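Spelled out from the first residue to the last, the chains are:
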Amino acid sequence: MSNLLEVNEVSKNFGNFTALNKVSLSVPKGSIFGLLGPNGAGKTTLIRVINQITMPDSGSVILDGEALRENHIRDIGYLPEERGLYKTMKVGEQALYLAQLKGLSKTEAKARLKYWFDRLDIGDWWNKKIQELSKGMAQKIQFVVTVLHEPKLLIFDEPFSGFDPINADIIKDEILHLRDQGATIIFSTHRMESVEELCDDIALIHKSNKILEGKLVDVKRQFKSNTFEVGIRSNNQPELKQELAQKFDVSDAYFKTLENELKLNIKLQDSQKSNDLLGFLASKGEVSHFVELIPSVNDIFIQTVKNN
Amino acid sequence: MNHLPLIIKREYLNKVRNKSFIIMTFLSPIIFMALIGVVAYLTQLNNDKIRLISVLDESGLVKDTFKDSEHTTYHVLEDMSLDDAKDLSKETEAYGLLHVDKIQDLKNLSKHITFYSEESPSINTISDLENQIEAKLTNMKLLQNGVDVDMINASKISVEIAQESFDGQKTSKIDSVIKIAFGGALGYLLFMFIIIYGNMIMRSVIEEKTSRIIEVIISSVKPVQLMLGKIFGTSLAGITQFLIWTILGFILMFVLSAVFGIDLAQVQTPQQQMVQQAMENPELNMRIQDVLTAFYNLPLLNLVLAFILFFIGGYLLYSSFYAAIGAAVDNETDTQQFMMPIIMPLVLAVYIGIFTVVEDPHGTVSTVFSFIPLTSPVVMLMRIPFGVPIWQQVLSFSILVGTFMLTVWFAAKIYRVGILMYGKKPTYKELIKWIKY
């Protein structure tokens, strides 16, 4: 699978402040790409470079095999984190205007807007002014405007903020639907559970540098520590714990169960196999819980940022 | 992709459809007319009152001097003391009491005239009285010295210098007045236009920032395009408003004079009087003719062309500043600090226009300031009625256009960075830094 977007060693300085330091990224076609990083890491600057809002000091951006140029504006749909609409303009007029700015003809824009408004069940908002709508309602319109011109690349910066769980779910489904139809999506958020749920690939930017990039599963594999979460029922739990500690790297674990088991995190050495551990445990008592600890994106995020 | 027409259209429609814009457009001329009406009515009220002035002349020299006029009547008191006269004046609610001491020496007498009144009298009243007494006393003194007053009057010669330029164009004093009025009006119009609609541009930029739509727009169009679209759209809305004002003004004037014909005639009392006098006086009749010739003598074609060009140039120059300021701040209260450097040259231009150009339209100061781009639109517009060589106009306009390009570039830089900056008010130092980004 080829890459829709290639960012090559992009740097950007604002005076003495370095916002991006030789950042490179590859976003595979048809994937959802999670762009993560703490506040002020440089995510927004990178997104603005991709949108040609900010010009990089050095480096290049390749979109679908071509160096980024003005015509590419219509190939990108961008939902910024700081977003809003003209308060005194009517919803329909405003959506038409924004669609035309993206290069759609008026009739085309009208037809597509009708489709999307019906799809999201907001058809009767057409003649309302934005100031009459709630924040979540306005967000829905912004989402429609972002995807309306069917761009190859969609960039969503915190797309779920301001939505109630029901609407957030609707938008999430729409994002997945767009991906299935062939769009490539860059997704920037601080809500790790939605990264977990949606993203195929992730990249982590910290202090202007990219410090992590790859398929989500690969990254997780890279971060897994061969640790197992174990629950075991035994008559003499302290004794069992001591016995285990002699053979393995053991620490206390905390998870909820129905019985009062011995709960441990057991880290295996490279030479030790999980089956050996399971066999050993089975011989000592009744195993009620045996799970390999896969690091969450949240853990990976915190661990990586702290280590840098 | 060129989205400029689309942006201009949106900005224009958005302004024109705005409720407060519509209300302002249609209400302003009515309010303005009503104000004129009220002022005229009040003046009339004031004029209708007839002032009574008591005169106690113990010397007996000037008491016959005073002639009742339209707004003043004189009541000459005889054979009473000053205190009695004062009491009487108070009782009769007279405006005041003029008292002349019992002195026969003409020269000395002038220092013994007093005006008593409840409140301090108006300057006009006093100087009117002074003039009348002076004329009377001077005449008497002349007679005393054995001079024939009739002969003096007969010997008076009034001089009026005819003016003609080297290439044979006749002008008159009226000419200069017309030129000053015309140039001043044009310069002032530009000044007002810049302030009103420049502010409107600034507010519209701030609105885009506070509503957070800016980043959405900027991902579709170049900031420069958005800025220019804003400037042009708002300017068109401004021109629309001005046109409506002019047309409404004429209609209102027409309706008012048709419905309240008599009232309006009284409203224009001073002009009306002048016209009446002109009709009676052949010499003044010539003057009216002069006004018209003076008007036609103006370099009209040049003026119209220059007005359009300098108006557009000057307005665009300043509005790009306004757009940049709007981009640099988050709300209107923060704009004050940056407004000063814009307003100063504008005010300076108007002052130079009013004081220096009137005094010496082709002097060094006037000429220099009609080339400096920040003041040239206003000053040049005021100078042109007096005849400015074409090369000067072309040069000044070229400088203006060059500066305009430069400021648009400069403003666009600040605009581009500023619209994405939220939170704190930038300093001048930071603005300079932004240009380098």
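Residues numbered from 1 in each chain as written. Chains lettered and ligands numbered in written order. Predicted model: local features only at pLDDT ≥ 70, side-chain atom pairs only at ≥ 80, totals over all residues. Heavy atoms only, no water.

**Here we look at the confidence of the model for chain B**
All names here are of chain B.
So, step 1. Per-residue confidence for chain B gives a mean pLDDT of 80; residues scoring 70 or more make up 87%.
So, step 2. Across chain B, element-level confidence peaks in helix α1 (residues 4-17) with a mean pLDDT of 91 and bottoms out in helix α10 (residues 261-267) with 46.
So, step 3. pLDDT under 50 marks residues 262-282. Its contacts with residues more than four places away, or in other chains, come to 9 contacts.
So, step 4. In the predicted complex, the global pTM is 0.74; the interface-specific ipTM is 0.79. (pLDDT = per-residue confidence, 0-100. Helix = DSSP H or I, 4+ residues; strand = E, 2+ residues; numbered from the N terminus. Contact = heavy atoms within 4.5 Å.)

**Remarks on the interface of chain B and chain A**
So, step 1. Counting from both sides, the interface comprises 26 residues of chain B and, opposite them, 28 residues of chain A.
So, step 2. Roughly 2800 Å² is buried in total at the junction of chain B and chain A, and carbon and sulfur atoms are behind 56% of that figure.
So, step 3. At the junction of chain B with chain A, the criterion picks out 3 salt bridges.
So, step 4. The shortest N-O distance in the salt bridge between Glu215(B) and Arg48(A) comes to 2.9 Å. (Buried area = accessible area lost by both parts, 1.4 Å probe. Salt bridge = Lys/Arg side-chain N within 4 Å of Asp/Glu carboxyl O.)

**Considering the pairing of strand β8 (residues 184-188) of chain A**
Residue and element names in this part refer to chain A.
So, step 1. Counting buried positions over the 5 residues of β8 gives 5, a clear majority of the element.
So, step 2. Note that strand β3 (residues 32-36) and β8 share 4 bridges and pair parallel. Its bridge partner being in β8, Leu-35 is matched across the sheet by Ser-188.
So, step 3. At this point the chain moves from strand β7 (residues 153-157), through helix α5 (residues 165-180), to the parallel β8, and the crossover so formed is right-handed. (Buried < 20%, exposed > 50% of the residue type's maximum accessible area, 1.4 Å probe, protein only. Pairing = 2+ DSSP bridges. Right-handed = clockwise from strand over helix to strand, strands pointing away.)

**Quick notes on the UniProt feature "domain: ABC transporter" (unreviewed entry) in chain A**
So, step 1. With numbering matched to this structure, UniProt assigns "domain: ABC transporter" (unreviewed entry) to residues 5-232 of chain A.
So, step 2. Between the end C-alpha atoms of residues 5-232 of chain A there is a gap of 49 Å, over a span that is 34% helix and 30% strand. (UniProt positions renumbered as here; feature names shortened; annotations may be inferred.)

**Focus on the side chain of Asn265(A)**
All names here are of chain A.
So, step 1. Tracing the sequence through the fold places Asn-265 in strand β13 (residues 262-267).
So, step 2. Classification of Asn-265 by relative accessible area gives buried; the value is 17%.
So, step 3. Not counting residues within four places of it along the chain, the set of residues in contact with Asn-265 comprises Thr-227, Phe-228, Glu-229, Asp-249, Val-250, Ser-251, Asp-252, Ala-253 and Leu-293.

**Considerations on a nonpolar patch on the surface**
Residue and element names in this part refer to chain B.
So, step 1. The grouping of Leu-236, Ile-239, Leu-243, Ile-247, Ile-251, Phe-254 and Val-255 at the surface amounts to a nonpolar patch, some 670 Å² of accessible area in total.
So, step 2. Note on placement: Ile-239 falls in helix α9 (residues 223-259).
So, step 3. The class for Ile-239 is partly exposed, based on a relative accessible area of 42%. (Patch = residues over 30% accessible without salt bridge, like charges linked within 9 Å, V, L, I, M, F, W, Y side chains within 5 Å. Areas by Shrake-Rupley, 256 points an atom, 1.4 Å probe, with all protein chains shown as cover.)

**What about a negative patch on the surface?**
All names here are of chain B.
So, step 1. Taken together, Asp-83, Asp-84, Asp-87 and Glu-91 make up a surface patch of like negative charges.
So, step 2. Structurally, Asp-83 can be placed in helix α3 (residues 82-91).
So, step 3. Classification of Asp-83 by relative accessible area gives exposed; the value is 52%. (Lys, Arg positive; Asp, Glu negative; His and termini not counted. Charge placed at Lys NZ, Arg CZ, Asp CG, Glu CD.)

**Overview of the sheet that holds β3(A)**
Two pairing modes exist for strands in a sheet, parallel and antiparallel, and in both the strands are linked by backbone hydrogen bonds.
Residues and elements named next belong to chain A.
So, step 1. Pairing in this open sheet of 6 strands is mixed, and the strands run β6-β7-β8-β3-β9-β10 from one edge to the other. A single partner strand is all that each edge strand has here, and the edge strands are β6 (76-79) and β10 (209-215). With direction set aside, neighbouring strand axes in the sheet form an average angle of 15°.
So, step 2. The pairing of β3 with strand β9 (residues 201-206) spans 4 bridges and is parallel. Opposite Gly-34, over in β9, you have Ile-202 as the bridge partner.
So, step 3. Along the sheet face, helix α10 (residues 297-307) touches β3, β9 and β10 and points at about 30° away from the line of β9. (Axes fitted to C-alpha atoms, helices over the stretch in contact; angles between N-to-C directions.)

**Let's talk about the packing of helix α4 (residues 135-147) of chain A against α5(A)**
Residues and elements named next belong to chain A.
So, step 1. Following both chains from N to C, one finds α4 and α5 inclined at 5°, their axes separated by 12 Å at the closest point. By the angle between their axes, α4 is roughly parallel relative to α5. Only Asn-167, Ile-171, Glu-174, Ile-175 and Leu-178 of α5 make contact with α4, whose side of the interface consists of Lys-140, Phe-143 and Val-147. (Parallel < 35°, antiparallel > 145°, perpendicular 65-115°, else oblique.)

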